[in-house]
Every structure is written in structure tokens, then in C-alpha cells.
Amino acid sequence: MNHPDDAALEALEQLTLHLVWQFRLDQQRAFEPLGISPMQAFTLMAVQGGIEQPSALAFMMDVSPSGISQILAGLEERGWVRRELDSKNRRQVRVLLTEEGKAMLRQLHTRWREVSRERYARLSPQEIEMLTHSYRKLLDDPPAQGVKP
């Protein structure tokens, strides 16, 4: 296994921090016109992905239980999610997307695609493929079906 030297790691660290910040700004630019924060958008995406328990959402998002409760309350007020008792365990609450929440997710996806397209337009198709492969490798995630490594 190759291990990068300290200079290479330092360069990657600096570039990663800068890129993460740029992605955060991209999220704000994409989502704020829709009236939704990046944290609210991420919560909707997580619920769509099958994370239904508020405690699991809080853990995954690294927020306090009261913090996730506030996020969910805001999403619920807007009609994008609903909370209900779990039919299998009446002490548990499940978070579910509403039809309005699904519609908001479609809008979020469209806006994120527009903003992402601008950022990734500087890369060739081969560079995008290589970047995708590198991300998967860093995440230790096997390639999706039909996607070349």
C-alpha cells in the first residue's frame, strides 16, 4: 500500500478543506433560493435514504437530540415530513417524507445538479470517472453496477 509523504498529505489537507468549504457555499447557493438550509436538505435526503429514527438522524448528522428535533419541527411545519409512532414499537417515533417533501427533494436535486454541473464542468469525462473512482476508494465503497473503476 502506498502512503503519501507529509508534503503530499499537507497539500491534500489544504485542498480538501478549501474544497469542502466551496461545496458548502455551493449548497447554500443551490438550496437557499428554495428556502431550505443545507442541514434541512441533508435531513430530507437522509429520511429518503431510509433513516427514520430521530436518534439515528442525530447521530449521523452529529447534532444533539434537541438539534434534530428543531430541524424536524421546521420540516414538519413546512409539510415536508411527518412524525408518527412506530407500529412495531410504540415508544419509537418514525420520520416519514410527505408528498410535499418528495417534491422538495426533486427540486433540491435539480438545483444541486445545476450548481454541481458548473463546478464539475472544468473536468473532462475521464477526470470525473477518475474522481468518482477515487471517492469510492476513499469511502471504501465498491463501484456501482455498470460504473467502470
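Residues numbered from 1 in each chain as written. Predicted model: local features only at pLDDT ≥ 70, side-chain atom pairs only at ≥ 80, totals over all residues. Heavy atoms only, no water.

**A word on a negative patch on the surface**
And then number 1: A cluster of like negative charges, contributed by Asp5, Asp6, Glu10 and Glu13, occupies part of the molecular surface.
And then number 2: For Asp5, the location among the structural elements is in the segment before α1 (6-31). (Patch = residues over 30% accessible without salt bridge, like charges linked within 9 Å, V, L, I, M, F, W, Y side chains within 5 Å. Areas by Shrake-Rupley, 256 points an atom, 1.4 Å probe, with all protein chains shown as cover. Salt bridge = Lys/Arg side-chain N within 4 Å of Asp/Glu carboxyl O. Lys, Arg positive; Asp, Glu negative; His and termini not counted. Charge placed at Lys NZ, Arg CZ, Asp CG, Glu CD. Helix = DSSP H or I, 4+ residues; strand = E, 2+ residues; numbered from the N terminus.)

**Quick word on the pattern of salt bridges**
And then number 1: Tallied over the entire structure, the rule returns nine salt bridges.
And then number 2: Its salt-bridge partner being Glu76, residue Arg83 comes within 3.0 Å of it at the nearest N-O pair.
And then number 3: A residue is classified by how much of its surface remains accessible, and Arg83, at 29% relative accessible area, is partly exposed.
And then number 4: Taking the shortest distance from any N to any O, the salt bridge between Arg82 and Glu84 comes out at 3.5 Å.
And then number 5: What emerges from the salt-bridge pattern is a single network uniting Asp26, Arg29, Glu118 and Arg119. (Buried < 20%, exposed > 50% of the residue type's maximum accessible area, 1.4 Å probe, protein only.)

**Notes on helix α3 (residues 54-61)**
And then number 1: Among the residues making up α3, those that are buried are Pro54, Leu57, Ala58 and Met61. Viewed along the axis of α3, the buried residues span an arc of 100°, placing them on a single side of the element. Turned more than 90 degrees from where α3 packs its buried face, Ser55 and Phe59 sit exposed.
And then number 2: One or two positions beyond α3, positive phi appears at Asp62, with a value near 60°. (Arc of directions from axis to C-beta.)

**Focus: the side chain of Arg119**
And then number 1: Looking at the secondary structure, you find Arg119 in helix α5 (residues 99-120).
And then number 2: There is a polar contact of 3.4 Å between the side chain of Arg119 and the side chain of Gln22.
And then number 3: Setting aside residues no more than four positions away along its own chain, Arg119 makes contact with Leu19, Gln22, Phe23 and Asp26. (Polar contact = N/O pair within 3.5 Å; in protein donor to acceptor, adjacent residues only side chain to side chain. Contact = heavy atoms within 4.5 Å.)

**Examining the packing of aromatic side chains**
And then number 1: Inspection of the entire model under this criterion finds two aromatic pairs.
And then number 2: When the ring of Phe23 is compared with that of Tyr120, the centres are 6.3 Å apart and the planes differ by 40°; the resulting orientation is tilted. In this pair, Phe23 sits in helix α1 while Tyr120 sits in helix α5, placing the two residues 97 residues apart along the sequence.
And then number 3: We classify Tyr120 as partly exposed; its relative accessible area is 27%.
And then number 4: Ring geometry for Phe31 against Trp112: centres 5.9 Å apart, planes inclined by 40°, an arrangement best described as tilted. Of this pair, Phe31 sits in helix α1 while Trp112 sits in helix α5, placing them 81 residues apart in sequence.
And then number 5: Residue classification places Phe31 among the buried residues on the basis of a relative accessible area of 3%.
And then number 6: The class for Trp112 is partly exposed, based on a relative accessible area of 27%. (Phe/Tyr/Trp six-rings, centres within 6.5 Å; stacked < 30°, edge-to-face > 60°.)

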